[in-house]
Amino acid sequence: DARIKLSIGTKQPGHADGQLCNIMSLAFDPHRGLLLVADSENNRVQVFSCDDGSFVSKFGQYGDQPGQFNYPWDLAIDHDHDRILITDFDNNRVQSWSLSEQSFLSCVGKDGSGDLELNNPQGIAIDKHHRRIIVADAGNHRLVFLSSIDLSLLFNTGKHGSQPGELNRPSGVAVDDDRHRIIVSDSGNHRVQVLSSIDGSFLFEFG
């Protein structure tokens, strides 16, 4: 197909550099012309050139210690703080890595349903206007709002259910900066909800 400019990875899953196994998400770094891929089953993030799809680098390995992953799910690039934020699905936490050095910085969260506890976090997004990190805390059926300054907890919103503003395993989240809105893929309810990015209140839904 002449429309395909380049291809990354192989037809079969693999574990060597440049090979991928169960990709859950990716993010583009326009400043460096790089594509970061959550190579989830290989428990790492791989970095590729957007010019020709060639392998550049990788970071992370399997485990539950700082800087190790157990199924990295989603990632977001925070250029303002020179870092990559990654939801570490089966370790129930969010990790922060240096964007320029690709080195581990910090992590937040542990298994549970209380404050600063997570249950299989999936989507993650950055709300630049309000200096927040928003995490789709899928197993707890809520969104978790963290400070982009120090990753401290600001507030949670949502609970398990199917009514407006309620969630059933939210899997993805995006921020509409121009309209001050959060868009959430409410997977278990087979719909998309749109919330206020100011306080997380329900605005409307579709699907």
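In the block above lies the structure referred to throughout.
Conventions used here
- Position labels on residues start from 1 in each chain and follow its written sequence.
- Where local features are concerned, this predicted model is filtered to residues with pLDDT of at least 70; where side-chain atom pairs are given and counted, the filter is 80 or more; whole-chain, interface and lining totals use all residues.
- With hydrogens and water stripped out, all remaining heavy atoms of the structure feed into the side-chain values.
- By definition, a salt bridge exists where a carboxyl oxygen of Asp or Glu is found within 4 Å of a side-chain nitrogen of Lys or Arg.
- Accessible area is worked out with a 1.4 Å probe on protein chains only. A residue is then buried under 20% of its type maximum, exposed over 50%, and partly exposed in between.
- For our purposes a nonpolar core is just a set of buried Ala, Val, Leu, Ile, Met, Phe, Trp, Tyr and Cys residues, chained together by side-chain atoms within 4.5 Å.
- Only DSSP runs of H or I with at least four residues qualify as helices, and only runs of E with at least two residues qualify as strands; both kinds are numbered from the N terminus onward.
- In what follows, a contact means two residues having at least one pair of non-hydrogen atoms within 4.5 Å.
- The patches described consist of residues with a relative accessible area above 30% and no salt bridge, like charges being joined within 9 Å and nonpolar side chains (Val, Leu, Ile, Met, Phe, Trp, Tyr) within 5 Å.
- In these tables, accessible area is a Shrake-Rupley quantity obtained with a 1.4 Å probe, and a residue counts as shielded only by the protein chains included in the view.
- Centres within 6.5 Å are what make two rings of Phe, Tyr or Trp a pair, Trp counting through its six-membered ring; a difference in plane orientation under 30 degrees is then read as stacked, over 60 as edge-to-face, and the rest as tilted.

*Asks:* What is the right way to look at the pattern of salt bridges in this model?
*Replies:* Any two side chains of opposite charge can pair, given that their charged atoms come close. Summed over the entire model, instances satisfying the criterion amount to twelve salt bridges. Between R179 and D176 there is a salt bridge, with the nearest N and O atoms lying 3.3 Å from each other. The exposure class assigned to R179 is exposed, which follows from its relative accessible area of 54%. Relative accessible area serves as the criterion here: at 13%, D176 is assigned to the buried category.

*Asks:* Explain the nonpolar core here, please?
*Replies:* Counting residues in hydrophobic clusters, the biggest one holds 14 residues, and the most contacted among them are L36, V45, F59, L75, I84, I86 and W97. Mapped by element, the contributors of at least two residues to this core are β2 (34–39), β3 (44–49), β5 (72–78) and β6 (83–88). Of the residues forming this core, the biggest block, three residues, is contributed by β2. Discounting residues that sit within four places of it in the chain, I84 has contacts with L36, F59, L75, A76, Q95, S96, W97, S98 and L99.

*Asks:* Sorry, what's going on with the environment of S197 here?
*Replies:* As for its placement among the helices and strands, S197 is situated in the loop between β15 (191–196) and β16 (202–206). Residue S197 is classed as buried on the basis of its relative accessible area, which comes to 1%. As for S197 and I23, which are separated by 174 residues in sequence, their C-alpha atoms are 28 Å apart. Setting aside residues up to four positions removed in sequence, S197 forms contacts with D127, H130, R132, H180, R181 and I182.

*Asks:* So what exactly am I meant to see when it comes to a nonpolar patch on the surface here?
*Replies:* Where nonpolar side chains cluster on the molecular surface, the patch consists of F202, L203, F204 and F206 and spans about 350 Å² of accessible area. Take F204: it is sitting in strand β16. On the basis of relative accessibility, which here comes to 36%, the residue F204 falls in the partly exposed class.

*Asks:* Whenever I open this one, the packing of aromatic side chains confuses me. Can you help?
*Replies:* What characterises a pair of aromatic rings is the spacing of the ring centres plus the angle enclosed by the ring planes. Under the counting rule described, the total for this entry stands at eight aromatic pairs. A centroid spacing of 4.6 Å and a plane angle of 35 degrees characterise the contact between F59 and W97, whose relative ring orientation is tilted. Taken together, the residues span a long stretch of sequence, with F59 in strand β4 (residues 55–59) and W97 in strand β7 (residues 93–98) at a distance of 38 residues. According to the relative accessible area criterion, F59 is buried, its value standing at 5%. A connected cluster of aromatic rings, assembled from ring pairs, spans F59, F69, W97 and F104.

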